[in-house]
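Results of the structural survey
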Amino acid sequence: MDTEADTARDWWRDAVVYQVYPRSFQDTDGDGTGDLPGITRRLDHIDRLGVDALWLSPIYPSPGADLGYDVTDHAAVDPAFGTIDDFDRLLEAAHARGLRVLMDLVPSHTSIEHPWFRAHPERYIWSDDGPANNWRAAFGGPAWSRDPESGRWYLHSFFPEQPDLDWRNPDVAEAIGAVMRFWLARGVDGFRVDAVDRLIKDERLRDDPPATRPFPLYLRPEVAELELRYSGDRPDVGTALTALRHAAGDALLVGEAYVPTARLEAYLEHLDLTFCFELLHAAWNADRLGEVIGAAVESGGCAWILSNHDFPRLASRVGTEGARGAALLLLTLPGPAFLFQGDELGMPNGAEPAAPIDRAGRDPFRTPMPWDSGPGAGFTTGLPWLPLIGDEVGSVADQEADEGSTLALYRRLIRLRRELGRGFQLLDAPEGVLAYERGDHLIAMNVSGERTALPWRGDVVLATGPEPDPLETGAGVVLTTA
Ligand code: NOJ
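For the structure given in this document, a descriptive report is provided here. Per chain, residue numbering runs from 1 following the sequence as it is written. The predicted origin of the model limits local features to residues at a pLDDT of at least 70 and limits the giving and counting of side-chain atom pairs to 80 or more, whereas totals for whole chains, interfaces and linings rest on all residues. The side-chain values count all of the structure's non-hydrogen atoms but skip hydrogen atoms and water molecules.

**Thoughts on the nonpolar core**
Buried residues of nine kinds, namely Ala, Val, Leu, Ile, Met, Phe, Trp, Tyr and Cys, make up a nonpolar core once their side-chain atoms join them within 4.5 Å. When accessible area is computed with a 1.4 Å probe and restricted to protein chains, residues below 20% of their type maximum are described as buried, those above 50% as exposed, and intermediate ones as partly exposed. Counting residues in each nonpolar core, the largest one holds 134 residues, and the members touching the most others are Phe87, Trp167, Leu244 and Leu279. Residue contacts follow a heavy-atom distance rule, with two residues in contact if any of their heavy atoms lie within 4.5 Å. Setting aside anything within four residues of it in sequence, one finds phenylalanine 87 in contact with Leu36, Leu56, Ile59, Val77, Met103, Trp183, Arg186 and Val188. Of all hydrophobic cores here, the second largest spans 9 residues; its members include Ala435, Leu442, Ala444 and Val477.

Laid out in structure tokens, this is it:
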């Protein structure tokens, strides 16, 4: 039987976590960049959605080569976002509303400007005479760069400004553990852990072999040419994960393991959850979705995710109506769901800025929040760091006033998910329809693009589309069958 203490510790089992991309949430000082006081000011919005927690994308000091994922001090706040006092105020205000807060922990690499890179070169991975192997960096190009100062080559799984830490060196585990304890002592509730599949590489740094079959997750074409066999996702990744678990105690650890669902087991031995990236990248058809969801449910620790700051926005991938169906899916599957800011408005990709900021092309996925139709969309009184979205999507204020809005749908879905039973069963369904049971509720999502008559009967609790008869539907529907 669950004790009260277990329930408190497992608060995340059915949680909805809202991802805040701080740079694009709310600016309060007119510099065009979102900040921590802005998040505190907008907590009402997050709270009214009915979510359980927020995940803050990195707020640490960073030169910005990867906008916060290149950290120079893991235990401080970048002045662009405010101060550590601003952080404490945000944490206190979130907790006062019953909202938990997850930090984004970046343990696999640092910024090349992190003091460790010079003071502790032994914490990184080096090769004396040129690249040690054929590994490729996730954003393209070789995974090795020459350090002009020492003349040696260092490994970087991402941008050259992000040298990889050597997790085979126990000092690294110690140093990152200290960082985790720093944030836990302030009261944070857990961590989303960046790039966990990159923590441990092959000890002998062997070449990755040519790929013989497609990887089920998106990779840049030049990266997809190789099988990621030795450059990450190693069988002994548990040595690093044990250290993270040790430092975290009972706090929530959500791993960003960019691997197929079938490979998640090794991560789930130590972490509470891992994202199900196969769902995010699944072809939008009922068969593939059913297959991916079935396997993820079996894995026992998948956190559902349909979008984040790295990939094209949901509404641009599946269309405006499709995005409403996707919301239904995300929020009625069993287990925790992560929702990226702006998706609750059905926001599509934004415009590319004239001078791109992210060298990996992800600016359009990070467009600032449109709070209202005033100047700066209520996001800033200054010049926004990225172009604002046009009026093709209603602002928060517009959607607040409209019962049929996507925002209203998200709120209804989050309320409704609390009533769904624990069980989960995929059902046989007409072609193009994905359907499953959650206790007394039946959920059907039509992804065929055609109107289809559903064979089930029951009371319609919620429908995502405007159809007069949701059972003769081109959209998604929740029924009670009891
Ligand atoms: C995954 C993060 O989500 C992404 O934004 C970042 O570029 C890489 N990890 C490297 O930290």
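**Considering the pairing of strand S2 (residues 53-56)**
Burial along S2 is two-sided: Ala53 and Trp55 and Leu54 and Leu56, pointing in opposite directions, are all buried. Pairing geometry for strand S1 (residues 16-20) and S2, over 4 bridges, is parallel. Bridge pairing in S2 links glutamine 19 to tryptophan 55. Any two strands with at least two DSSP-identified bridges between them are counted as paired. Where helices and strands are cited, they refer to DSSP runs of H or I of at least four residues and of E of at least two residues respectively, numbered from the N terminus. The pairing of S2 with strand S3 (residues 100-105) spans 3 bridges and is classified as parallel. By the bridge assignment for S3, leucine 54 is matched with valine 101. Handedness of the S2-helix H4 (residues 84-96)-S3 crossover: right-handed. Whether a crossover is right-handed comes down to one check: with the strands pointing away from the viewer, does the path from the first strand over the helix to the second run clockwise; if it does, it is right-handed.

**Notes on the site of the ligand**
Taken together, 13 residues lie near the ligand, and Asp66, His109, Asp194, His309 and Asp310 sit nearest. N or O atoms closer than or at 3.5 Å make up a polar contact, with two conditions inside protein: a donor-capable atom paired with an acceptor-capable one, and, for residues adjacent in sequence, both atoms drawn from side chains. A distance of 2.9 Å is found between an oxygen atom of the ligand and a side-chain nitrogen or oxygen belonging to histidine 109. Arginine 192 places a side-chain nitrogen or oxygen 3.0 Å from an oxygen atom of the ligand. Note that accessible areas follow from Shrake-Rupley with a 1.4 Å probe, and for residues the cover is restricted to the protein chains shown. Bound to the protein, the ligand loses 97% of the 300 Å² it would expose on its own. Under the scheme applied here, ten amino acids are nonpolar (Ala, Val, Leu, Ile, Met, Phe, Trp, Tyr, Cys and Pro), four are charged (Asp, Glu, Lys and Arg), and all others, including Gly, are polar. Here the residues of the shell around the ligand sort into 3 nonpolar, 3 polar and 7 charged. We call a residue near a molecule or strand whenever a single non-hydrogen atom of that residue lies within 4 Å of it.

**Some points on the sheet that holds strand S4 (residues 126-127)**
Read from one edge of the open sheet, 3 strands run S4-S6-S5, paired in antiparallel fashion. Strands at the two margins of the open sheet, each flanked by one partner only, are S4 and strand S5 (144-146).

**Some remarks on the packing of aromatic side chains**
Two rings from Phe, Tyr or Trp (for Trp, the six-membered ring) form a pair when their centres are within 6.5 Å of each other. A pair whose planes differ by under 30 degrees is stacked, one over 60 is edge-to-face, and the rest are tilted. Within this structure, the stated rule accounts for 19 aromatic pairs. Between phenylalanine 182 and tryptophan 183 the ring centres are 4.9 Å apart and the planes differ by 90°, which places this aromatic pair in the edge-to-face class. An aromatic cluster of at least three residues, connected via ring pairs, comprises Trp55, Tyr258, Phe275, Phe277, Phe311 and Phe338. In this structure, arginine 359 packs its charged tip against the face of phenylalanine 159, placed 4.4 Å from the ring centre. The criterion is that NZ of a Lys, or CZ of an Arg, lies within 6 Å of the ring centre and within 35 degrees of the ring normal, and then a charge sits over that ring.

**A closer look at the side chain of threonine 261**
Topologically, threonine 261 is positioned in the loop between strand S8 (252-255) and helix H9 (265-268). Sequence-distant contacts of threonine 261, that is, excluding residues within four places in its chain, are made with Cys276, Glu278, Ala295, Ala296, Ser299 and Cys302.

**Focus: the sheet that holds strand S12 (residues 425-426)**
Read from one edge to the other, the open sheet built from 5 strands follows the order S12-S13-S14-S18-S16, with strand pairing classed as antiparallel. Strands with a single pairing partner mark the edges of an open sheet, and in this sheet they are S12 and strand S16 (459-463). Two strands pair when backbone bridges link them, and strand S14 (residues 441-446) and strand S18 (residues 476-480) are joined in this way by 5 bridges, in the antiparallel orientation. Across the sheet, residue isoleucine 443 finds its bridge partner in S18, namely valine 478. Sitting on the sheet, helix H11 (residues 286-299) is in contact with S12, strand S13 (433-438) and S14, with an inclination near 35° to S13. Packing against the sheet, helix H13 (residues 320-332) makes contact with S13, S14, S16 and S18, and its axis sits at approximately 145° to S14. Angles run from 0 to 180 degrees between N-to-C directions of axes, and those axes are lines fitted to C-alpha atoms, restricted for helices to the stretch in contact.

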